[in-house]
Amino acid sequence: MPKEINCDITIIGAGLTGLVAAFYFTKAGKKVVLLEKDSHSGGVINTINEDGFVFEAGPNSGVLSHSEVFDLFDDLAPQCTLEKANKESKKRLIWKNGKWNALPGSPVEGISTPLFSLYDKFRILGEPFRKKGNNPDESVAELVLRRLGKSFLDYAVDPFISGIYAGDPNKIITRFALPKLYELEQNYGSFIKGAIKKKPAPLPEGAKKPTREVFSASNGLINLVHALENSIYKQNFFFNSENISVTPKDNSFATSFFQNGDDYTLNSEKVITTVGAYSLPSILPFIIKEQINQISNLEYAKVVQVALGFRKWNGIKLDAFGGLVPSVEKRKILGVLFTSSIFENRAPLGGAMLSVFMGGMRNPNAIDLSDNEIIKIVYTEINEMLGLQGAEPDLVRIFRYAHAIPQYGITSEARLNRIYMIQKQYPGLIIAGNIRDGIGMADRIKQAKTIADSITGR
Ligand SMILES: Cc1cc2nc3c(=O)[nH]c(=O)nc-3n(C[C@H](O)[C@H](O)[C@H](O)COP(=O)(O)OP(=O)(O)OC[C@H]3O[C@@H](n4cnc5c(N)ncnc54)[C@H](O)[C@@H]3O)c2cc1C
């Protein structure tokens with residue numbers, strides 16, 4: 001007989017979304033159980049501290065784009081501290097014709113930058129007068145070509161989409177991936193007019209204003225994970241859970257799973273999934289194949305991240321956030337983050353810590369390369385791009401992600417509609433995680449808090 005457990009809320013997946021939701025449920029006095037297939041929580045977040053270097057295996061930093069991020073760090077204080085990026089790392093570099101160029105931060109810099117063509121610089125003056133688009137499924141590339149021009153697509157938007165989504169701007173649909181940009185055109189007829197006229201959305205009383213600043217947790221994102229984990233009762237985590245399967249009952253759910261040789265059944269009124277789309281068919285077997293396929297067909301970018309640590313840095317000055325490589329430049333890396341310039345204590349004094357990215361939708365096969373092949377490519381590219389003159393790193397670690405970043409492409413509308421219909425048909429079931437509502441860590445925190453608040457009535 002399976003062991004029976006009763007709780008208020010079952011959460012499947014103990015990544016950032018699951019942990020934040022569980023934290024707020026626990027705070028509100030609800031009994032929550034987290035089922036996780038791995039032996040640890042945090043999902044793709046993991047900070048490693050090795051030989052004087054501190055580096056991330058997964059996400060490196062988030063953007064303070066939602067007030068819920070500030071709230072979370074306030075709620076977790078003093079267990080972990082929000083760390084904002086150093087002001088000196090504000091500059092973003094773009095690779096063009098064999099050298100780095102700073103992405104313009106002002107209209108004056110926009111005139112002088114070699115990144116964009118003279119034609120497009122003049123053409124942008126007409127952007128406020130250009131007709132509004134009427135194709136809701138327009139890709140980011142189509143939108144940018146229509147309103148701004150090819151050099152803006154090639155040397156600003158393509159590397160930006162690559163840096164955030166590891167994606168292809170021809171396949172990413174603007175209204176799902178960049179809803180704020182889409183709304184700017186739809187509501188104001190132009191990006192420029194919208195940027196001038198748009199008033200920030202009113203914030204709840206006392207809420208901190210979202211910004212474009214970059215954040216981590218002091219000494220790495222794992223400290224955010226640990227703080228969350230420590231605020232949730234230990235006995236409510238079931239790590240190494242296998243064969244998780246949800247069955248709807250009258251007004252509730254029975255979730256069966258197997259852990260360390262024992263079978264369990266969890267009875268709860270609510271079930272929240274935070275796992276990737278590809279895990280849903282086995283977890284929700286009562287949803288017919290044609291319907292669940294509309295969710296599980298979500299495509300993911302595959303990403304290889306290579307952490308490089310140098311005890312003594314002899315390359316170019318790393319006075320920027322990092323550099324992105326446009327696809328038209330045909331290089332073998334997507335970009336590089338200057339991690340030790342962004343955050344404190346990431347490398348020994350005089351040294352440097354970098355994170356290099358390969359693969360993405362541009363080159364999905366990079367994930368299949370051997371470690372030696374990856375290292376050879378990264379050394380060759382970094383050596384030239386960062387002026388290393390053959391100096392080799394003192395630390396190299398490679399991390400591969402087969403399902404790194406979901407691509408909000410043409411199937412998004414069908415996926416979101418199907419999620420909505422399933423949730424309506426089975427009240428109490430919530431299909432969450434980065435398959436909807438944004439892919440960044442700030443989006444995950446906001447989604448989790450919103451779900452918790454809606455259930456606890458806060
Ligand atoms: C390489 C990389 C770099 C990134 N860089 C950034 C960045 O710089 N900035 C930013 O804001 N975001 C970044 N992201 C995205 C960000 O990390 C994620 O959006 C966020 O961490 C996802 O959290 P999550 O809890 O929704 O999902 P996950 O972290 O994927 O957690 C899901 C959890 O569910 C578990 N699970 C899966 N299947 C099952 C199953 N069948 N049964 C039980 N458990 C299961 C998994 O083990 C995992 O613990 C990056 C992501 C990657 C991979």
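Residues numbered from 1 in each chain as written. Predicted model: local features only at pLDDT ≥ 70, side-chain atom pairs only at ≥ 80, totals over all residues. Heavy atoms only, no water.

Across its full length, the protein carries 16 helices and 21 strands. In terms of overall size, the protein behaves like a compact globule, its C-alpha atoms giving a radius of gyration of 23 Å where 458 residues would be expected to give roughly 23 Å. When its C-alpha atoms are laid out on the principal axes, the protein stretches across 70 × 55 × 45 Å. Going through the 458 residues of the protein one by one, you find that 52% of them count as buried. Counted over contacts in the protein with a minimum sequence separation of 6, partners at least 24 positions apart contribute 70%. Between the mean site of the 54 positive side-chain charges and the mean site of the 48 negative ones, the protein shows a separation of 6 Å. (Helix = DSSP H or I, 4+ residues; strand = E, 2+ residues; numbered from the N terminus. Rg over C-alpha atoms; globule rule 2.2 N^0.38 Å. Buried < 20%, exposed > 50% of the residue type's maximum accessible area, 1.4 Å probe, protein only. Contact = heavy atoms within 4.5 Å. Lys, Arg positive; Asp, Glu negative; His and termini not counted. Charge placed at Lys NZ, Arg CZ, Asp CG, Glu CD.)

Here we come to the site of the ligand. In the region of the ligand, 29 residues are neighbours, and Thr17, Glu36, Ser61, Ile439 and Met441 sit closest. The side chain of Glu36 places a nitrogen or oxygen atom 2.6 Å from an oxygen atom of the ligand. Within the backbone of Ile439, one N or O atom sits 2.5 Å away from an oxygen atom of the ligand. Bound to the protein, the ligand loses 88% of the 1,000 Å² it would expose on its own. Looking at the shell around the ligand, the elements that each hand over two or more residues are α1 (16-27), β20 (395-406) and α16 (441-456). Looking at the shell around the ligand, the element that brings in the most residues is β20, giving 3 residues. Broken down by class, the residue content of the shell around the ligand amounts to 12 nonpolar, 13 polar and 4 charged. There are two domains that each give the shell around the ligand at least three residues, and those are domain 1 (3-42 + 221-297 + 409-456) and domain 3 (300-406). (Near = heavy atom within 4 Å. Polar contact = N/O pair within 3.5 Å; in protein donor to acceptor, adjacent residues only side chain to side chain. Areas by Shrake-Rupley, 256 points an atom, 1.4 Å probe, with all protein chains shown as cover. Nonpolar A, V, L, I, M, F, W, Y, C, P; charged D, E, K, R; others polar. Domains from an automatic or database assignment.)

Remark: the principal bend of helix α6 (residues 150-165), roughly 35 degrees, maps to Val157, with a proline, Pro159, within the next four residues. Within α6, 12 of the 16 residues are buried, which leaves the element mostly enclosed by the surrounding structure. Within α6 the residues assigned to the buried category are Ser151, Phe152, Leu153, Asp154, Tyr155, Ala156, Val157, Asp158, Pro159, Ile161, Ser162 and Tyr165. (Bend = angle between axes of the 7 residues up to and from the residue.)

Right, let's get into a nonpolar patch on the surface. A surface patch of nonpolar side chains, amounting to about 380 Å² of accessible area, comprises Leu118, Phe122 and Leu125. Tracing the chain through its elements places Phe122 in helix α4 (residues 118-123). (Patch = residues over 30% accessible without salt bridge, like charges linked within 9 Å, V, L, I, M, F, W, Y side chains within 5 Å. Salt bridge = Lys/Arg side-chain N within 4 Å of Asp/Glu carboxyl O.)

With that out of the way, let us pick up helix α12 (residues 289-296). Count 3.6 residues to each turn of an α-helix, and residues three or four apart come out pointing the same way. Residues of α12 that are buried include every one of Ile292, Ile295 and Ser296, and no others. Seen from one end, α12 has its buried residues packed into an arc of 90 degrees, which puts them on one side. The inward-facing, buried residues of α12 abut α11 (280-283), α15 (412-425) and β21 (429-431). (Arc of directions from axis to C-beta.)

Among the structural elements, Glu56 can be located in strand β5 (residues 53-56). Glu56 gets classed as buried once you look at its relative accessible area, which sits at 0%. Of note is the side chain of Glu56, whose polar atom sits 2.9 Å from the side chain of Thr47. Not counting residues within four places of it along the chain, the set of residues in contact with Glu56 comprises Asn46, Thr47, Ser216, Gly220, Leu221, Gln305, Arg346 and Phe399.

Where α1 meets helix α2 (residues 67-76), the axes come as close as 12 Å, and the angle between the chain directions of the two elements is 55 degrees. Classified by the angle between their axes, α1 and α2 sit oblique to one another. Crossing of α1 against α2: the hand is left-handed. Contacts between α1 and α2 involve Val20, Phe23, Tyr24 and Lys27 from the first element and Asp71, Leu72, Asp75 and Leu76 from the second. The residue inventory of the contact of α1 with α2, partitioned by class, reads 5 nonpolar, no polar and 3 charged. (Axes fitted to C-alpha atoms, helices over the stretch in contact; angles between N-to-C directions. Parallel < 35°, antiparallel > 145°, perpendicular 65-115°, else oblique. Left-handed = near helix turned anticlockwise from the far one by under 90°.)

This part takes up the domain arrangement of the protein. Often, the extent of an interface is quoted as the loss of accessible area upon association of its parts. By domain assignment, the protein separates into domain 1 (3-42 + 221-297 + 409-456), domain 2 (116-197) and domain 3 (300-406). Computed over C-alpha atoms only, the centres of domain 1 and domain 3 are separated by 33 Å. Among the residues of domain 1 in contact with domain 3, Tyr278, Asn434 and Ile439 are the three that bury the most area, contributing 83% of the side total. The interface formed by domain 1 and domain 3 includes 0 salt bridges. For the pair domain 1 and domain 3, the number of links is 1 residue pair in polar contact (both at pLDDT 80 or more). (Buried area = accessible area lost by both parts, 1.4 Å probe.)

Right, let's get into unusual backbone geometry. Omega for the peptide link from Ala77 to Pro78 comes to 0 degrees, which places this bond in the cis form. The topology assignment puts Pro78 in the loop between α2 and β7 (82-84). Of note, Asn260 is a non-glycine position whose phi angle comes to about 45 degrees, a positive value. Residue position: Asn260 is located in the loop between β13 (252-259) and β14 (262-268).

To continue, consider the sheet that holds strand β10 (residues 214-217). Taken in spatial order, the 3 strands of this open sheet run β6-β10-β7, and their pairing is antiparallel. Both edges of this open sheet fall to β6 (62-63) and β7, since each of them pairs with a single strand only. Across 2 bridges, the pairing between β6 and β10 is antiparallel. By the bridge assignment for β10, Gly62 is matched with Phe215. (Pairing = 2+ DSSP bridges.)

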